[in-house]
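Here's the letter readout for the chains.
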Amino acid sequence: MGRGGGSAEDLFCFNSEKIARAVYECETPVISAVGHETDTTIIDFVSDLRAPTPSAAAELAVPDISVMRAALEGYKRKLYEAFSGYIDRLYNETDKRLRSLSAHSPYAVLEKNEKILSLTEKRLEAASKRCFGGYENRLARAAERLELVSPLKIMSKGYALVYSENGKMIKSSADAECGRIKIRFSDGFVSAEIIENN
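Quick caveat: nothing in here was measured; it's all calculated off a predicted structure.

Rules behind the numbers
- Residues numbered from 1 in each chain as written.
- Predicted model: local features only at pLDDT ≥ 70, side-chain atom pairs only at ≥ 80, totals over all residues.
- Heavy atoms only, no water.
- 1 Å grid on protein atoms, 1.4 Å probe; cavity = no way out; pocket = protein on both sides within 12 Å on 5 of 7 lines; lining within 4 Å.
- Points joined across faces, edges and corners; volume = space filled by probe spheres on them.
- Helix = DSSP H or I, 4+ residues; strand = E, 2+ residues; numbered from the N terminus.
- Nonpolar A, V, L, I, M, F, W, Y, C, P; charged D, E, K, R; others polar.
- Pairing = 2+ DSSP bridges.
- Axes fitted to C-alpha atoms, helices over the stretch in contact; angles between N-to-C directions.
- Salt bridge = Lys/Arg side-chain N within 4 Å of Asp/Glu carboxyl O.
- Buried < 20%, exposed > 50% of the residue type's maximum accessible area, 1.4 Å probe, protein only.
- Polar contact = N/O pair within 3.5 Å; in protein donor to acceptor, adjacent residues only side chain to side chain.
- Contact = heavy atoms within 4.5 Å.

Visitor: Explain the layout of surface pockets to me, and be specific about the residues and the numbers.
Guide: In this structure, the second largest pocket encloses a volume near 350 Å³. Ser-55, Ala-58, Val-62, Leu-146, Val-149, Ser-150, Pro-151, Leu-152, Leu-161, Tyr-163, Met-169 and Arg-184 are the residues that line the second largest pocket. Only α4 (54-61), α7 (151-155) and β4 (161-164) provide two or more residues apiece to the lining of the second largest pocket. Grouping the constituent residues of the lining of the second largest pocket by class yields nine nonpolar, two polar and one charged.

Right under this line is the structure:
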């Protein structure tokens, strides 16, 4: 829920109790991005997350996939280290038992421990593959969803955004006033002038 900067009167509607209760009860996560960073409204306190500006809210809502990949690599590394430590502890424990029982030649116990160790290694390897595979699949699906809703992808089909000279987005012909405007395409901006608005 966002709006660009404005006076206190312009932002006062976001202090409505009705709107605040609706935001609080909304099951879908809500990011509050009203006005500039210094502006504060009631919905800032009932939303799931507050952003200083609408553009910052867009960045929070659409995570950087490179950051997600870096985090996934970190999880992989920690998981690998945890598994390696667990395997090392199993080897050390087995070696300790072997030394304590070597005088009595307990071949049956030794074979049993070796089987347990082998089975544990296989389970750990299978669990690691399942865990990594799940993260990679989730990351791939997330990347596909992000690509589908990318504003630049939509604009590349021929859509454009129109802004007034002061940077306010023009959403309909009724909002357009005669004068200079900026038009944003997927590959950049152009300037134009509205001579007449019927």
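Visitor: Tell me about the sheet that holds strand β5 (residues 179-185), and please be specific about residues and values.
Guide: Read across the open sheet, the three strands follow the order β4-β5-β6; overall the sheet is antiparallel. At either end of the open sheet lies a strand with only one pairing partner, and these are β4 and β6 (188-194). Averaged over all adjacent pairs, the angle separating strand axes in this sheet is 30 degrees, with direction ignored. One ladder, built from four bridges, connects β4 with β5; its direction is antiparallel. Bridge pairing in β5 links Tyr-163 to Lys-182.

Visitor: I'd love a proper account of the pattern of salt bridges, names of residues and values included.
Guide: Evaluation of the coordinates by the stated rule reveals four salt bridges. Between Arg-97 and Glu-93 there is a salt bridge whose closest N-O contact spans 3.4 Å. Here Arg-97 and its partner Glu-93 are both found in helix α5 (residues 65-101), four residues apart, which amounts to about one turn of the helix. By relative accessible area, which is 40% here, Arg-97 ends up partly exposed.

Visitor: Give a detailed account of the environment of Ile-19, specifying residues and quantitative values.
Guide: Considering the arrangement of structural elements, one finds Ile-19 in helix α2 (residues 17-25). Here Ile-19 falls in the partly exposed class, since its relative accessible area comes to 29%. As for Ile-19 and Val-46, which are separated by 27 residues in sequence, their C-alpha atoms are 10.0 Å apart.

Visitor: Quick one: what's the story with the side chain of Asp-44, residue by residue and with numbers?
Guide: Its place among the elements puts Asp-44 in helix α3 (residues 43-46). A distance of 3.1 Å separates polar atoms of two side chains, one belonging to Asp-44 and the other to Arg-50.

Visitor: Explain the sheet that holds strand β2 (residues 31-34) to me, and be specific about the residues and the numbers.
Guide: Strands sit in the order β1-β2-β3 across an open sheet of three strands; the sheet is parallel. The sheet is open, and its two edges are formed by β1 (2-3) and β3 (49-50), each paired on a single side. Seen against the sheet, α4 touches β1, β2 and β3 and runs at an angle of roughly 160 degrees to β2.

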